[in-house]
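Residue strings, one per chain:
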Amino acid sequence: MQENNGIKILKTGGILCAVTAVAALLLACVNNFTAPVIEQNMIEKTNNAMKSVMPEADSFEEIDFEPSEECESVNSVYEAKKDGETIGWCVSAGPNGYGGAIEMIVGVNGDMTVSGVDIISQSETAGLGAKATEPEFRMQYKGKGKIEKVVKSGAGDNEINAITSATITSKAVTKGVNESVNAAGSLSTGK
């Protein structure tokens, strides 16, 4: 009787192992097929976001950038050019919000003011932090330099009104914007 149970356990274990191996192989194949499509979609979203935050530019060229403590959420920097002249930078940043990284593109003009903010991807709470993608929140940054404070209402010159019940998200986006301005500032001065 015990031998029979041992054989059943080995047989069941073998079947589970085979099913797991087949599932892993199928997942690897699906990933291999979809990874290039996902990457191409992200490149397209990034390009569209750069055009959105720096519409006067006619070309964007990725430049070497080493993040420092002042711009730790910065992923990459693109020089925005018009007729061959640098007019600003498009900075890709990914600060951590409430639900994870908030991938964004921030346009920074030559005078270190923000030309626009576009959220490429986020996993913030629907109806709360996800409102960071809405134009009325993002447009608060336009024309401003570094933001000193996130307030509940009545924002002044260097302040932003937080999204109601989503202060963590509001502060994360502001961190991404400030670090993008820091990155552009270090490039403009050659630091």
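The following refers to the structure shown. (Residues numbered from 1 in each chain as written. Predicted model: local features only at pLDDT ≥ 70, side-chain atom pairs only at ≥ 80, totals over all residues. Heavy atoms only, no water.)

1. Details of the sheet that holds strand β4 (residues 103-109)
With antiparallel pairing, the five strands of this open sheet are ordered in space as β1-β2-β3-β4-β5. The open sheet terminates on both sides in strands that have one partner only, identified here as β1 (59-63) and β5 (114-121). Strand-to-strand twist in this sheet, taken as the mean axis angle between neighbours without regard to direction, amounts to 25°. Examined bridge by bridge, β1 and strand β2 (residues 74-82) share five bridges and lie antiparallel to one another. Note that in β2 the partner of Glu-61 across the bridge is Glu-79. (Pairing = 2+ DSSP bridges. Helix = DSSP H or I, 4+ residues; strand = E, 2+ residues; numbered from the N terminus. Axes fitted to C-alpha atoms, helices over the stretch in contact; angles between N-to-C directions.)

2. Let's talk about the pairing of β4
Burial within β4 is extensive, with six of its seven residues counted as buried. Both strand β3 (residues 85-93) and β4 contribute to a ladder of six bridges, which runs antiparallel. Opposite Ser-92, over in β4, you have Ile-105 as the bridge partner. The antiparallel hairpin formed by β4 and β5 contains four residues in its connecting segment, where Met-112 sits at a positive phi of about 65°. (Buried < 20%, exposed > 50% of the residue type's maximum accessible area, 1.4 Å probe, protein only.)

3. Things to note about the packing of aromatic side chains
If you walk through the whole model with that rule in mind, you get one aromatic pair. For the ring pair Phe-137 and Tyr-141, a centre distance of 5.7 Å and an interplane angle of 85° mean the geometry is edge-to-face. We classify Phe-137 as buried; its relative accessible area is 4%. (Phe/Tyr/Trp six-rings, centres within 6.5 Å; stacked < 30°, edge-to-face > 60°.)

4. Details of helix α3 (residues 167-188)
The terminal C-alpha atoms of α3, which comprises 22 residues, lie 31 Å apart, in line with the 32 Å expected from a rise of 1.5 Å per residue. Burial analysis of α3 places 16 of its 22 residues in the buried class, the great majority of the element. (Expected span 1.5 Å × (residues − 1).)

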